[in-house]
Each structure stands twice: as structure tokens, then as C-alpha cells.
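# Analysis of the macromolecular model
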Amino acid sequence: MMGKLIRKHPMTRIHYSRYLFFSFIIIIIMFSYFISLIDISIFQSERQLFFETQYIDPLKDPSLNYRNNNTRVNGVIIVLVRNAELHALRETMVHFEDRWNKKYHYPYVFLNDEDFTEEFKKLVSIITDSETFYGKIPKRMWGYPHWINQTKAAESRKDMESKNVIYGGSESYRHMCRFNSGFFFRHELIEKYDFYWRLEPGVEFLCDIDYDPFRFIQNNNITYGFTISLLELPETIPTLWKTVTEFSKKYPQYINKRSVSRFISSSGATYNGCHFWSNFEIGNLNFWRSERYLKFFNYLDQAGGFFYERWGDAPVHSIALALFLEKSQIHFFNDIGYKHSPFQHCPIEKKFHESGKCYCDPTENFDVTYGSCTKNWFAL
Ligand SMILES: Nc1nc2c(ncn2[C@@H]2O[C@H](COP(=O)(O)OP(=O)(O)OP(=O)(O)O)[C@@H](O)[C@H]2O)c(=O)[nH]1
Ligand SMILES: [Mg+2]
């Protein structure tokens, strides 16, 4: 009798449904929490396994430490930069010298599509004891190839701008991406070098680097190194993967049978957007000069996507690396704390912070964030 009364009372029904609602929310929260714990623990174990079984740790080789050897190999620091970025560049260089280059004095090559001003050269060269070289990029490396329909390119820029695609309306950005994809390594000031470190104005280095990454990659037969990897915006590359697939069919001899292509595509049918963030690169220039890469670049260039879409040098480099190289030839520089706004890589291991080598916040580390592909890299 009592039970019936209670069930029928409207207020009790409201309490009952509230109770159900809150229980449901609590269950959802607990469920997401457990899922995230599983996610974190899978990530941690994949990461740990990666470091235990695949990682070559430059810090474990004392012969690489600058105190034991501070001679140089045939390397260069390459900076593509505008006159207007002078002060951001100077700030970056002060950090870069302090963290690393004052131990080695590697030369710098600064490249620009315009002439560098005298003020620029004076104020940059005063920052470093290294040699500095200043080059102008020739028109054939920064301009439209004859097969590009410039009206169509302009329409595409307008269209992308109206869709708010980042840099979608910028013409110079496209020349920059094409130059970084296909030409920087054959500029006359770069031709004589084997190894390069790409630097951009505005970036920060967050840890001391006490060894020579160039010598490290030379000794270990590594072609390319990165610190941050992430997903590309699909609207900038609608036909890139189709073009890559055509290339792979036409030139199967260039595709490495043991390649790490699963980093960019699990089935081969689509591109997952993963790429190494190319504002930081340490690598072997001869890879980009190789026949297979030049064929690859020329094929993409003919297709016109640098201008009709907005293909970035980062996905272009990364796709080539993933098709042509094995995993062991690509190195994750975990010990190099690096920030290119808005993302940073900060080593999470306590040893980097307790030794005073790094001064970044390890909880602000893009590796573990949604959008990072470094998690995938560990698991490959
Ligand atoms: N000389 C010259 N350098 C350029 C030009 N556009 C870009 N750069 C340089 O090319 C590099 C990449 O350009 P950014 O504008 O940083 O492109 P991004 O890193 O994709 O974009 P942000 O997130 O804005 O940094 C930087 O080193 C720039 O200084 C240009 O028109 N002329
Ligand atoms: Mg940048």
C-alpha cells in the first residue's frame, strides 16, 4: 500500500528521474576515466617499449659529448627568413647558440626570396661567432613553373581564403612550401654540405644539447630527425594522396619494401595526415638530392598541388620519408626540448629536469595530446 503511494506521488517521480540522471552522469564520468586510464597505460607501455627496444639514445654515447669531441662534421644551419623577421630570429639564435651551437660553431646559411638588408646582416652576424652566409633564392626556385595556370591558382587561393583555411589566401606561403619541398637542398650556398638543421625565427630550444646531432645521425646511419609530429589539415591537400599513389604505381622501384609507410597510412587507401613538423628538421641533405626524391618532388610539382591546393613541405617530406625509409632511419629527438608556437615538445623524463638540462614544463608536451602522431610512432 505504502509502496504504491510513494510510486504514484509526482514529486517522488521527479526525484527518482533526477537520481537516475545523476547516476547516469556518474557512470559516464567513471567510464571515461577508466578508458583514459587504459589509454594512458597503453600509451605509456608503447612508449616504454619503444625506448627499450628501438631507441638509439645519443646521451648514452660519451664520444658524442662536446667535452670529448667538439669538432664539426659537414653540417650547416639553414634559415629561410624575411628581413622583417630580424628580431624574432635574433632571439631564437641567442637561445640556439646558448643551448647548443656555441659548443660547435656550425655555420649558418640564411636564405631569402629578396635581398637581405645590410642592417639584417650586421645584426644577425653579431649574435654568433660562427660564419654566416646570406643568399638570395633564384626565381626558378621561388616562382611559377611554366605549366601552372596562374588564374586557376589565384581562384583557388580566393576559394581557400573564403573557407578560412590557414594561409589559404597566401601566394608567398605556397612559394615557401614549394621551395622547402624541392629546392633548399640544392641552393648554391647549401650544395657543399651533407647535414642540416632547419631553424625558424621565433622558435625556442628548451634543453641544453651537449652533443652533436649531426655526428650522431652520421654515426648511426640516420637520415632524418624530428621532435613533433601532428595531423595535417585535410583541406590543404585534397589530391595529394591520389598523386602519391599514382607516383608509387609508376615508380614501384623507389618504394622501400621495409618502409615505415604505416606511419602515414594503415591500408594504403588514404593518407591519415600524420607528418613530422618540418619547422624543426635535422637531416641528411643527400636524401633530398637522391634520384628517388627528386623524381617524387617533380611528379608532385607537375601535378600543381603546391599552387592549386596548398600542399605543405611537411606532409611532402614526411610522405617521402615514410615511403623510402625504414623506421630506424628516422629519429625522434626526445632530448631536444623545442617550441614552435602553439606546440612544444618537452621531455617527460624526470632526469632532464632534475639535472637542470631542461627548463620546460613536462606536462605541456604535445606528444601525448590529441592531434599528435608521435603516439602512433612509438607503437609502430
Ligand atoms: N624569405 C621569406 N621567408 C619566408 C616567407 N614565408 C615564410 N618564410 C619563412 O619560411 C619559414 C616558414 O614560414 P612560417 O610563416 O613560419 O610558416 P609556418 O611555420 O607554417 O607558420 P607559422 O605557424 O605562422 O609559423 C619561416 O622560417 C619563415 O621565416 C617569404 O615569403 N619569404
Ligand atoms: Mg613557422
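Residues numbered from 1 in each chain as written. Chains lettered and ligands numbered in written order. Predicted model: local features only at pLDDT ≥ 70, side-chain atom pairs only at ≥ 80, totals over all residues.

The name recorded for the chain in an unreviewed UniProt entry is Glycosyltransferase family 15 protein, from Diversispora epigaea. What the UniProt record of the chain gives under Sequence similarities (unreviewed entry) is the line "Belongs to the glycosyltransferase 15 family." (UniProt positions renumbered as here; feature names shortened; annotations may be inferred.)

## So, the sheet that holds strand S12 (residues 343-345)
Taking strand neighbours across the sheet as the criterion, the three strands line up as S5-S11-S12 in an open arrangement whose pairing is antiparallel. Edge positions in the sheet fall to strand S5 (204-205) and S12, since each has one partner strand and no second. By the bridge criterion, three bridges tie strand S11 (residues 338-340) to S12 in an arrangement that is antiparallel. Bridge pairing links histidine 340 to phenylalanine 343 in S12. (Pairing = 2+ DSSP bridges. Helix = DSSP H or I, 4+ residues; strand = E, 2+ residues; numbered from the N terminus.)

## Quick word on the packing of helix H3 (residues 86-99) against helix H4 (residues 118-125)
Two elements in contact, H3 and H4, have axes separated by 10 Å at closest approach and are oriented at 15°. With respect to H4, the element H3 is oriented roughly parallel. When the axes of H3 and H4 are compared, the crossing they make is right-handed. In contact with Leu86, Leu89 and Arg90 of H3, H4 contributes Phe120, Leu123 and Val124. Its residues assigned to classes, the contact of H3 with H4 shows five nonpolar, no polar and one charged. (Axes fitted to C-alpha atoms, helices over the stretch in contact; angles between N-to-C directions. Parallel < 35°, antiparallel > 145°, perpendicular 65-115°, else oblique. Left-handed = near helix turned anticlockwise from the far one by under 90°. Contact = placed C-beta atoms within 7 Å. Nonpolar A, V, L, I, M, F, W, Y, C, P; charged D, E, K, R; others polar.)

## Examining the UniProt feature "active site" (unreviewed entry) in the chain
The feature "active site" (unreviewed entry), as annotated in UniProt, sits at Glu281 in this numbering. Among the residues examined, glutamate 281 registers 21 C-beta atoms within 10 Å and is labelled buried. Every residue in contact with glutamate 281, bar those within four places of it in the chain, is listed here: Arg198 and Tyr224. (Buried ≥ 20, exposed ≤ 12 C-beta atoms within 10 Å, placed from the backbone.)

## Some remarks on the pairing of strand S2 (residues 108-112)
Most of S2 is tucked away: four of the five residues are buried. By the bridge criterion, four bridges tie strand S1 (residues 75-80) to S2 in an arrangement that is parallel. Counted as the bridge partner of leucine 80 is leucine 111 from S2. Viewed along the sheet, the connection from S1 through H3 into S2 turns out right-handed. The sheet contact formed by S2 and strand S3 (residues 132-136) spans five bridges and is parallel. Bridge pairing links valine 109 to phenylalanine 133 in S3. Read as a crossover between parallel neighbours, the route from S2 over H4 to S3 is right-handed. (Right-handed = clockwise from strand over helix to strand, strands pointing away.)

## So, the sheet that holds strand S10 (residues 330-332)
Spatially, S3-S2-S1-S4-S9-S6-S10 is the arrangement adopted by the seven strands of the open sheet, whose pairing is mixed. Each of the sheet's edge strands pairs with one partner strand only, and the pair in question is S3 and S10. Taken pair by pair, the neighbouring strands of this sheet meet at an average axis angle of 20°, ignoring direction.

## Some details on the packing of helix H6 (residues 171-182) against helix H12 (residues 313-324)
The interhelical angle for the contact between H6 and H12, taken along N-to-C directions, is 25°, at an axis separation of 8 Å. Classified by the angle their axes make, H6 and H12 are roughly parallel. Two packed elements cross with a definite hand, and for H6 against H12 that hand is right-handed. Between H6 and H12, the contacting residues are Cys177, Asn180 and Ser181 on the first element and Asp313, Val316 and His317 on the second. Here the residues of the contact of H6 with H12 are counted per class, giving two nonpolar, three polar and one charged.

## A word on the nonpolar core
Residues Val76, Ile77, Ile78, Val79, Ile190, Phe226 and Ala320 are the most contacted members of the largest nonpolar core, which totals 84 residues. Ranked by residue count, the leading element in this core is H12, at eight residues. Every residue in contact with isoleucine 190, bar those within four places of it in the chain, is listed here: Val76, Ile78, Val109, Phe184, Phe185 and Leu285. (Core = buried A, V, L, I, M, F, W, Y, C linked by C-beta atoms within 7 Å.)

## Describing unusual backbone geometry
Cis geometry marks the peptide bond from serine 341 to proline 342; its omega dihedral reads 5°. Its identity is not glycine, yet histidine 105 carries a phi of approximately 60°, on the positive side. By the secondary structure assignment, histidine 105 is in the loop between H3 and S2. On the basis of neighbour counts, which here come to 14 C-beta atoms within 10 Å, the residue histidine 105 falls in the partly exposed class.

## Points about helix H10 (residues 291-303)
In a regular helix each residue adds 1.5 Å, so 13 residues correspond to 18 Å; H10 covers 18 Å between its end C-alpha atoms and thus fits that length. When we look at burial in H10, the residues that qualify are Tyr293, Phe296 and Leu300. Take H10 and look down its axis: the buried residues cluster within an arc of 60°, on one side only. In H10, those exposed residues whose orientation departs by more than 90 degrees from the buried face are Glu291 and Gln302. Against helix H8 (240-250), helix H9 (285-289), helix H11 (305-308) and H12 lie the buried residues of H10. Positioned one or two residues after H10, glycine 304 has a phi angle of 90°, which is positive. (Expected span 1.5 Å × (residues − 1). Arc of directions from axis to C-beta.)

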